[in-house]
Structure formats: C-alpha cells, structure tokens
Amino acid sequence: DPERRVRVSAEKAQGRRLVVVLGDQLSTRLAPFDDFDKERDAVWMAEVSGESEYVWSAKQRIAYFLAAMRHFRDALEADGIRVFYLSLGSESKSLGAALKRFLEAASFDDIVMTEPGEYRLVEELASACGAAGRALRMLEDRSFYCTRTDFARHARGRKQLRMEFFYRELRRRFGVLMDGEEPAGGEWNFDASNRESFGKEGPERLLPRARFEPDELTRETIAEVEERFASHPGSLDTFAWPVTREQAEEALRHFIADELPQFGRFQDAMWTGEPFLHHSLLSGAINVRLLDPREAVAAAEEAFRKGRAPLEAVEGFVRQILGWREYVRGVYWLFMPGYLKRNELGAEEPLPRFYWTGETRMRCLREAIGQTLQFGYAHHIQRLMVTGLYSLLLGVSPKAIHEWYLAVYIDAVEWVELPNVLGMSQFADGGDMASKPYVATGKYIQRMSNYCSGCAFDPGKRTGEDACPFTTLYWDFLTRHRKRLEGNPRMRMQLRNLDRVNESEREAIRRKAEAIRAENRGEGTRE
Ligand code: FAD
Ligand code: SF4
C-alpha cells in the first residue's frame, strides 16, 4: 500500500526543509534546491490519480509525466537525497489531500516549493498546508526568462498586448540574437520566411528522429498506465519521449544538428503520415524542466553564429521560446482565474466525439487527431489551423476544447495550454491575446499540406454534397460574428469578401452549417 508506506515514513519524517516537487518541476536548478542540505532536507513528490482524471488525460500524457517523475526521483536518490514519494494507488486522489496527510505526520521547519504553473494547484496546495497547520512558501519559478511581475509591468497601461513588442523587449534585455543595439540581420522577425509549404513532392529529406527506447522503469510505467487507465484515450505503443535530463540534452543536440536548418522555412507546413517534420519535439522536456529554455535558445544562437543554421530558422525558433512561450505564460497569470471562463463568442456546441478517436471523413482532422492520440504530439499549425480552427468555426464551447487540449498532449500544462487554446485559437478572450481570430477556409489547409488530395471533401466548395466543412463553417462564422469583427482592421478584407456572397448562397451556407452542427450534436446524420 503506497499510502501506508509514505505515512509510516512520514512518522519518521523530520528535518529542516521539505521541498515539494510537482510533476512539471523536475530540476534541481529550481530555487527550492538552493543550499539544499542532504543531511537535513528532503523532497516530497506524489502521483495521484486525480491529476490524470480531472481532464480525461491520454495515456501518452500520463505515462510521460509519470516516467519523467520516477526517473527524477531515482536520480535524486542516487545523489543521496531523501525522497518521500507517494506512488499511484493511494487513497489520496488529489495532491492537496496527499500533502495534507503527509504533513500531519511529518515534522519539517520549512515547507517550500516552486510556484505551480497552474492556478488551481496554487490554491489547492496552499490550503492543504493551511489545513495541516503549516505555511507553504512558494518561490519564483526561475526556469522562465521573465517573472510574472515583469510581465504585469510590461502589460500595465497598454490597451492591447502583442507578442511582438514583448519579444523585442526580451531580445534586448537578454541580448539574444543581437548585434549591439540592433537585431542580428537587421530585422526582428522573419515570420514571412517561415511559411513555405512542401510543394507537390512533399518533404525532401526527413532524417530519423531521436526517439528514446523505454528502459525498464519506463516500461513498467507504461504497463501500469495501460492497466490503471485502460479506458483513457490514445495508445502507448510508440512511446519514446525523453524522460531524463540526459535524454533531453541529447534530444536538443539532435534537433540543432539535424533539423534546425530546415525548421524556419517549413514551420507551418503539414504532410500526411509525417507527424514531426522539422519540429524540435522539445516542448514536453522544457515544460517538465528537464531542459531549460535558455539552453535551447543558446544552442540555436550558437548554431547561427557558427554558420550551421540560417538566421530565419534560428530567429523562428527563438521567437517561439523567448517570444511566444514567455508571452503566453504572462497572459495566463495576468488574466487568471477569470480567463478560464471567458467565452466572448458565446460558443456552446459540444466537442465532436471524433476528437477522441480520429474517426472522421475529414482527412486533415483524421491525420492531426490520429497522430495526437498515437504520439501525444501535433505541431503548432496542426493545433492552430486544423483541430483548433475546426472547433472555432463549429462554435465548440471553449471549456470543452480546452479540456481536450489539456488531456491529449504530452506538453500540456495549463499555463501554456489555456492561452494558446482559449486566446489564440478560439478567440474566446475577444482579442486580449491575439489581434484577430485565426480563421480560414479549407483552402489554407490545402495550401499548407497534402491532406485535401485524399479527402472526401473539396476545400474550394462551401455548399453542395462534397463541400469542405471548414469552408462552409468559415463563411458561416464570418456571417455570425460580423458585428463583432467589423471594428477589427485586420478582418476588413475577409469581411469585404463576405459582402460579395449573395443572399441565396448565404442561406445555403447557413443551412449547411446548421446541418453540420446538428450532426455534431447527434441530432441527425449528414450524408
Ligand atoms: P517547435 O515547433 O519545435 O517550437 C519550439 C518550441 O517553442 C516548443 O518546444 C515550445 O517550447 C515553444 N513554443 C512554440 N510555440 C509556442 C506557443 N504558441 N506557446 C508556447 N510555447 C511555444 N505548447 C505547449 O507546450 N503545451 C501546450 O499544451 C500547448 N497547447 C497548444 C494548443 C494550441 C491550440 C496551440 C495553437 C498551441 C499550443 N502549444 C502548446 C504551442 C505549440 O503548438 C507547441 O509548443 C509545439 O507544437 C510543441 O512542439 P515542438 O516542441 O516540436 O515545437
Ligand atoms: Fe480538411 Fe477540407 Fe481539406 Fe478535407 S477538404 S482535408 S476537410 S480542409
């Protein structure tokens, strides 16, 4: 009985400092480990089923967090650190309950942790400690370039937040890709060179990716997840993520040497049967702190300085980490807890059932969801312009789609997932995070991939039997939200095109869109 084991040891657990470590805080470089004294201090970690069940987590995500936690525990112990580790299967379903129980029996002078990346856990853990009659010290998370206060200061007095301004500020402040006062290459942003598609022939030369064969501990973890979470979505057959610090470093080296040079040009492209392309696959390792974002940024800059990768690729990569990653974290903490409930477009439709299976005739969704369930991974444009776009156009409730994203990706932690989903992809914050809704017809997907060539639908058609649902729903979206979007200069062109659609065509679009929604609600079947 894992709980009993921990409680028995808790009775003997005493010392100076207890460091509480969450599943995404797997680094001794974090502040609570400063002047850690192996004689008097200890670490507390816990696996609780509630963390895998409060959203219906996919098996890849559960196994990823558990395997990384268990390896971290073993590394600490090998280093002579005392770890009180609660394994799955205990009575405590939540981290708060598990910590409270432990503290009631243990005796430490100081309980300390890095601030959690999730608002819910800040409250849960602080009140658990309170209930056990103890204070919990939460320290600044130094694995980010910026503190939460830095971002709040940046945001103060601004009518509108934009990633680009924040990003430039950070480039200057941290001297990243700078030549003196000027950005390297004379420009801040090479986004315009980051949007190529592969053309008819597809990607030229894809090297095998660094995948890490599960060791015995990971294999045990996989078997346990298969058993305990049998009904959860996805599969574990392909699990090969880096779960230790060394593996994460190896994954970074591999990306910089083999993929970074191509990363920029094809950042937005998609291809059937190719889930990874030239992406780094590093988000999971960075989010659970096996890698520090500064290490990834420094390695990319070094590749540029040594002439091993072009500037547009390196800047594109740096922008994602130093720019977007820091920006979304700032947005999360600035707007929480209210952010979770935002629904500015009044979207109330249920999440399509096929998001949990990938079984749909829409090939782009079948591909993006299929690989998501298989690997716990999809790249940015698949998330934004396939699964996210369909949900936005259909009008799925932001809460439902947020819970899906939080459940299915190995890199999903609320601070990064929520602003990306609710703000960037669903426009549910009315534009606090992004300057306009990312909406497009199926033609965008056709341009950026080869998905449409094997699909039952035609991306050029908005009405008729074989009309692409994205295209139908796009025109319907513009019609439904016209009033709200009119004031946005970045939507002017799209609305002007809507004005060219005649009344009877609009009515046909409306009916077709309604039929798609009715089918999604299970109220009838589309042919
Ligand atoms: P690459 O394309 O190689 O990019 C390099 C790194 O940049 C990533 O590893 C990541 O650390 C960072 N990055 C890139 N884009 C973003 C971004 N928009 N926000 C924050 N960091 C970024 N990322 C997560 O880490 N967790 C999530 O739960 C998550 N959910 C998302 C949901 C939606 C709807 C969208 C549109 C994006 C989401 N992202 C999320 C951001 C991005 O899609 C992933 O970080 C990326 O696809 C991970 O793959 P990669 O490591 O190969 O990234
Ligand atoms: Fe997706 Fe439409 Fe293209 Fe089919 S035609 S793959 S549904 S965009």
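In short, a report on the structure. Every chain begins its residue count from 1, and numbering advances along the sequence as written. Each chain gets a letter, beginning with A, and each ligand a number, beginning with 1, in the order they are written. For this predicted model, a pLDDT threshold of at least 70 governs which residues receive local features, and a threshold of 80 or more governs which side-chain atom pairs are given and counted, while totals over whole chains, interfaces and linings are taken from all residues. Computation of side-chain values: all heavy atoms of the structure, hydrogens and water removed.

**So, the site of ligand 2**
Working step 1: Every residue lining ligand 2 is accounted for by Met 362, Cys 364, Gly 442, Ile 445, Tyr 451, Cys 452, Cys 455, Phe 457, Pro 459, Cys 468 and Phe 470.
Working step 2: Charged residues are taken to be Asp, Glu, Lys and Arg, nonpolar residues to be Ala, Val, Leu, Ile, Met, Phe, Trp, Tyr, Cys and Pro, and polar residues to be all remaining types, Gly included. Looking at the shell around ligand 2 residue by residue, the class counts come to 10 nonpolar, 1 polar and no charged. Any residue with at least one heavy atom within 4 Å of a molecule or strand is counted as near it.

**Description of the packing of helix H14 (residues 380-394) against helix H16 (residues 414-425)**
Working step 1: Interaxial angle, 0 to 180 degrees, is taken between N-to-C directions of lines fitted to C-alpha atoms, where a helix line uses only the stretch in contact. For the purposes of this entry, the term helix denotes a DSSP run of H or I that reaches at least four residues, the term strand denotes a run of E that reaches at least two, and both are numbered from the N terminus. At their nearest, the axes of H14 and H16 sit 10 Å apart, and the two run at 55 degrees to each other. As judged from the angle between their axes, H14 and H16 are oblique. In this structure, H14 meets H16 at a crossing whose hand is right-handed. Residues His 380, Leu 384, Gly 388 and Leu 392 of H14 form the contact with H16, whose participating residues are Asn 420, Met 424 and Ser 425.
Working step 2: Grouping the amino acids of the contact of H14 with H16 by side-chain chemistry returns 3 nonpolar, 4 polar and no charged. For classification, angles of less than 35 degrees are called roughly parallel, those exceeding 145 degrees roughly antiparallel, those between 65 and 115 degrees roughly perpendicular, and all remaining angles oblique. What makes a crossing left-handed is the near helix being turned counterclockwise from the far one by less than a right angle; a clockwise turn instead makes it right-handed. Any pair of residues with heavy atoms lying within 4.5 Å of one another is described as a contacting pair.

**Some points on the packing of aromatic side chains**
What describes a pair of aromatic rings is the distance from one ring centre to the other and the angle between the planes of the rings.
Working step 1: Centres within 6.5 Å are what make two rings of Phe, Tyr or Trp a pair, Trp counting through its six-membered ring; a difference in plane orientation under 30 degrees is then read as stacked, over 60 as edge-to-face, and the rest as tilted. The tally for this structure, following the rule as stated, stands at 31 aromatic pairs.
Working step 2: Relative to Phe 65, the ring of Tyr 64 lies with its centre 6.0 Å away and its plane at 90 degrees, an arrangement referred to as edge-to-face. For the pair Tyr 64 and Phe 65, one class covers both residues: buried.
Working step 3: Following the ring pairs from residue to residue traces out a cluster consisting of Phe 354, Tyr 355, Tyr 390, Trp 404, Tyr 405, Tyr 409 and Phe 470.
Working step 4: When the ring centre of Tyr 409 is taken as origin, the NZ or CZ atom of Arg 383, which lies over that ring, is 3.9 Å away. Each residue's exposure class comes from its accessible area (1.4 Å probe, protein chains only) as a fraction of the maximum for that residue type: buried when under 20%, exposed when over 50%, partly exposed otherwise. In this scheme, Lys NZ or Arg CZ marks a charge over a ring once it lies within 6 Å of the ring centre and within 35 degrees of the ring normal.

**Thoughts on the pattern of salt bridges**
Working step 1: Any Lys or Arg side-chain nitrogen found within 4 Å of a carboxyl oxygen on Asp or Glu counts as a salt bridge. Tallied over the entire structure, the rule returns 54 salt bridges.
Working step 2: Between Arg 517 and Glu 514 there is a salt bridge, and its shortest N-O distance comes to 3.9 Å. Of the two residues, Arg 517 and Glu 514 are both situated in helix H21 (residues 503-520); the distance of 3 residues between them amounts to about one turn of the helix.
Working step 3: With a relative accessible area of 32%, Glu 514 lands in the partly exposed category.
Working step 4: Among the charged side chains, a network of salt bridges with common partners joins Glu 349, Asp 476, Arg 480, Glu 514, Arg 517 and Arg 521.

**Points about the pairing of strand E5 (residues 136-139)**
Working step 1: Pairing of strand E4 (residues 107-114) with E5, which is carried by 4 bridges, proceeds in the parallel orientation. Its bridge partner lying in E5, Ile 111 is registered against Leu 136.
Working step 2: Look down the strands so they point away from you; if going from the first strand over the helix to the second traces a clockwise path, that crossover is right-handed. Each parallel crossover has a hand, and the one from E4 via helix H5 (residues 119-131) to E5 is right-handed. Here a strand pair is declared whenever DSSP counts at least two bridges between the two strands.

**Considerations on the environment of Met 491**
Working step 1: Its location among the elements puts Met 491 in the loop between helix H19 (482-486) and helix H20 (492-499).
Working step 2: Residue classification places Met 491 among the buried residues on the basis of a relative accessible area of 0%.
Working step 3: With 13 residues separating them along the chain, Met 491 and Leu 478 place their C-alpha atoms 9.5 Å apart.
Working step 4: Aside from chain neighbours lying at most four places away, what touches Met 491 is Lys 436, Pro 437, Val 439, Leu 478 and Leu 485.

**Points about the site of ligand 1**
Working step 1: Contacts to ligand 1 come from 27 residues, most closely from His 279, Ser 280, Leu 281, Asn 287 and Tyr 377.
Working step 2: At a separation of 2.7 Å, an oxygen atom of ligand 1 approaches a polar side-chain atom of His 279.
Working step 3: For ligand 1, an oxygen atom lies 3.1 Å from a polar atom in the side chain of His 380.
Working step 4: Per-residue accessibility takes into account occlusion by the displayed protein chains alone, with areas from the Shrake-Rupley method and a 1.4 Å probe. For ligand 1, the accessible surface in isolation is 820 Å², of which the surrounding protein chains cover 99%.
Working step 5: Top contributing element to the shell around ligand 1 by residue count: helix H12 (residues 311-335), with 6 residues. For the purposes of these results, a polar contact is taken to be a pair of N or O atoms within 3.5 Å, where, inside protein, one atom must be able to donate a hydrogen and its partner to accept one; residues adjacent in sequence count only when each atom of the pair is a side-chain atom.

**A look at the side chain of Asn 520**
Working step 1: Here Asn 520 lies in helix H21.
Working step 2: For Asn 520, the contacting residues outside a window of four places in its chain are Pro 350, Leu 351, Pro 352, Arg 353 and Leu 394.

**So, helix H8 (residues 216-228)**
Working step 1: Across its 13 residues, H8 extends 18 Å between first and last C-alpha, which sits within 8% of the 18 Å expected from 1.5 Å per residue.
Working step 2: What H8 keeps buried is the set Leu 217, Thr 218, Thr 221, Ile 222 and Val 225. In an axial view of H8, the angular spread of the buried residues amounts to 140 degrees, which keeps them on one side of the axis. Among the exposed residues of H8, those pointing more than 90 degrees away from its buried face are Glu 216 and Glu 227.
Working step 3: The backbone nitrogen of Leu 217 lies 3.3 Å from a side-chain oxygen of the residue at the head of H8, namely Asp 215. Multiply 1.5 Å by the residue count of a helix minus one, and that product is the helix's expected span. It is the directions from the helix axis to the C-beta atoms whose arc is reported.

**What to know about the side chain of Ser 90**
Working step 1: Its place among the elements puts Ser 90 in the loop between strand E3 (82-86) and helix H4 (95-105).
Working step 2: When its relative accessible area of 6% is taken as the criterion, Ser 90 is described as buried.
Working step 3: Among the polar contacts listed, one links the side chain of Ser 90 to the backbone nitrogen of Ser 92, at a separation of 3.3 Å.

**Side note on the sheet that holds E5**
Working step 1: An order of E3-E2-E1-E4-E5 is seen for the 5 strands of this open sheet, with the pairing classed as parallel. Taken across any chain shown, the strands that pair with only one partner, and hence form the sheet edges, are E3 and E5. Between one strand and the next, the sheet's axes are offset by a mean angle of 25 degrees, whatever the strand orientation.
Working step 2: Strands strand E1 (14-20), strand E2 (42-46), E3 and E4 of the sheet are contacted by H4, whose axis makes an angle of about 145 degrees with E2.

**A word on the packing of H4 against H5**
Working step 1: Taken N-terminus to C-terminus, the directions of H4 and H5 make an angle of 25 degrees; their axes are 8 Å apart at the nearest point. Comparing their axes, H5 and H4 come out roughly parallel. Considering the relative orientation of H4 and H5, their crossing is right-handed. Contact residues: H4 offers Leu 95, Gly 96, Leu 99, Lys 100, Leu 103 and Glu 104, while H5 offers Leu 121, Glu 124, Leu 125, Ala 128, Cys 129 and Ala 131.
Working step 2: When its residues are assigned to classes, the contact of H4 with H5 shows 8 nonpolar, 1 polar and 3 charged.

**Some points on the environment of Ala 31**
Working step 1: On the secondary structure map, Ala 31 appears in the loop between E1 and E2.
Working step 2: Relative accessible area serves as the criterion here: at 13%, Ala 31 is assigned to the buried category.
Working step 3: Separated by 196 residues in the primary sequence, Ala 31 and Glu 227 have C-alpha atoms spaced 36 Å apart.
Working step 4: Leaving out residues up to four positions away in the same chain, Ala 31 has contacts with Thr 114, Leu 139, Glu 140 and Arg 142.

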